[in-house]
Amino acid sequence: VAKGIDRNADPVVGNADNCVYWFRDVTSDDLQSPAIMFIRPGETEESVTYVTRLLVLIFATDEPFNQLMTLPQDPFKMSCGD
């Protein structure tokens, strides 16, 4: 994730007035959501995960994490509106 953003940006606790822009892979749909491609253990094909969901998985506490996991598996809307 760190390779996809500006070194001075903080997507977790950064300033709400400053957007964090993604400079790597995006999905091919109309939304062009920030994405990371990886190969899951035991599989041979690449999988795609949304960066916004990955940040929740890594940094959210249990209660917000559980609430967010009940939502559709779409990317989460970012506060900058993109």
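The preceding data block contains the structure.
Since this is a predicted model, take the numbers as computed values, not measurements.

What counts, and at which threshold
Residues numbered from 1 in each chain as written. Predicted model: local features only at pLDDT ≥ 70, side-chain atom pairs only at ≥ 80, totals over all residues. Heavy atoms only, no water. Helix = DSSP H or I, 4+ residues; strand = E, 2+ residues; numbered from the N terminus. Buried < 20%, exposed > 50% of the residue type's maximum accessible area, 1.4 Å probe, protein only. Contact = heavy atoms within 4.5 Å. Areas by Shrake-Rupley, 256 points an atom, 1.4 Å probe, with all protein chains shown as cover. Lys, Arg positive; Asp, Glu negative; His and termini not counted. Charge placed at Lys NZ, Arg CZ, Asp CG, Glu CD. Pairing = 2+ DSSP bridges. Patch = residues over 30% accessible without salt bridge, like charges linked within 9 Å, V, L, I, M, F, W, Y side chains within 5 Å. Salt bridge = Lys/Arg side-chain N within 4 Å of Asp/Glu carboxyl O. Disulfide = S-S within 2.5 Å.

Asker: How should I be thinking about the overall build of the protein in this particular structure?
Answerer: Across its full length, the protein holds 2 helices and 2 strands. Starting at the N terminus and walking to the C terminus, you meet the elements of the protein as β-β-α-α. Dimensions of the protein along its principal axes, counting C-alpha atoms only, are 40 × 30 × 25 Å. Within the protein, the fraction of its 82 residues that count as buried is 20%. Considering only residue pairs separated by 6 or more positions, the protein has 18% of its internal contacts joining residues 24 or more positions apart. When the accessible area of the protein is evaluated, it comes to approximately 6500 Å², of which 51% is carbon and sulfur surface. In the protein, 6 positive and 13 negative side-chain charges are present, and the distance between their average locations comes to 6 Å.

Asker: Help me understand the pairing of strand β1 (residues 35–39), please; the structure alone is not making it clear to me.
Answerer: Consecutive residues of a regular strand have side chains that alternate between opposite faces of the sheet. Bridge count for β1 against strand β2 (residues 46–50) is 5 bridges, and the pairing is antiparallel. Bridged to Met37 within β2 is Val48. Linking β1 to β2, which pair antiparallel, is a turn of 6 residues; within it Gly42 sits at a positive phi near 85°.

Asker: Would you mind showing me how to read a nonpolar patch on the surface here?
Answerer: Taken together, the side chains of Val12, Val13, Leu57, Ile58 and Phe59 make up a nonpolar region of the molecular surface, amounting to roughly 510 Å² of accessible area. Along the chain, the position of Leu57 falls in helix α1 (residues 51–59).

Asker: Would you mind going over the environment of Phe23 with me for this structure?
Answerer: Here Phe23 lies in the segment before β1. In this structure Phe23 comes out as exposed when scored by relative accessible area, which is 58%. The sequence separation of Phe23 and Gly4 amounts to 19 residues, and the corresponding C-alpha distance is 5.0 Å. When residues no more than four places from it in sequence are discounted, the contact partners of Phe23 are Gly4, Ile5 and Asp6.

Asker: What exactly am I supposed to notice about the state of the cysteines here?
Answerer: Disulfide: a covalent bond connecting the sulfur atoms of a pair of cysteines. For the structure on display, the rule yields 1 disulfide. In this model, Cys19 is linked to Cys80 through a disulfide, with the two sulfur atoms separated by 1.8 Å. Between Cys19 and Cys80, the S-S torsion sits near -120°, and that sign places the bridge as left-handed. Residue Cys19 is located in the segment before β1, and its partner Cys80 is located in the segment after α2 (62–68); the two are separated by 61 residues in the primary sequence. Judged by relative accessible area, which is 30%, Cys19 ranks as partly exposed.

Asker: Where do I start with α1 in this structure?
Answerer: An α-helical segment advances 3.6 residues per turn. Residues three or four places apart therefore align on the same side. Every buried residue belonging to α1 is among Val51, Thr52, Arg53, Leu55 and Val56, and all of these are buried. Buried residues belonging to α1 abut β1, β2 and α2.

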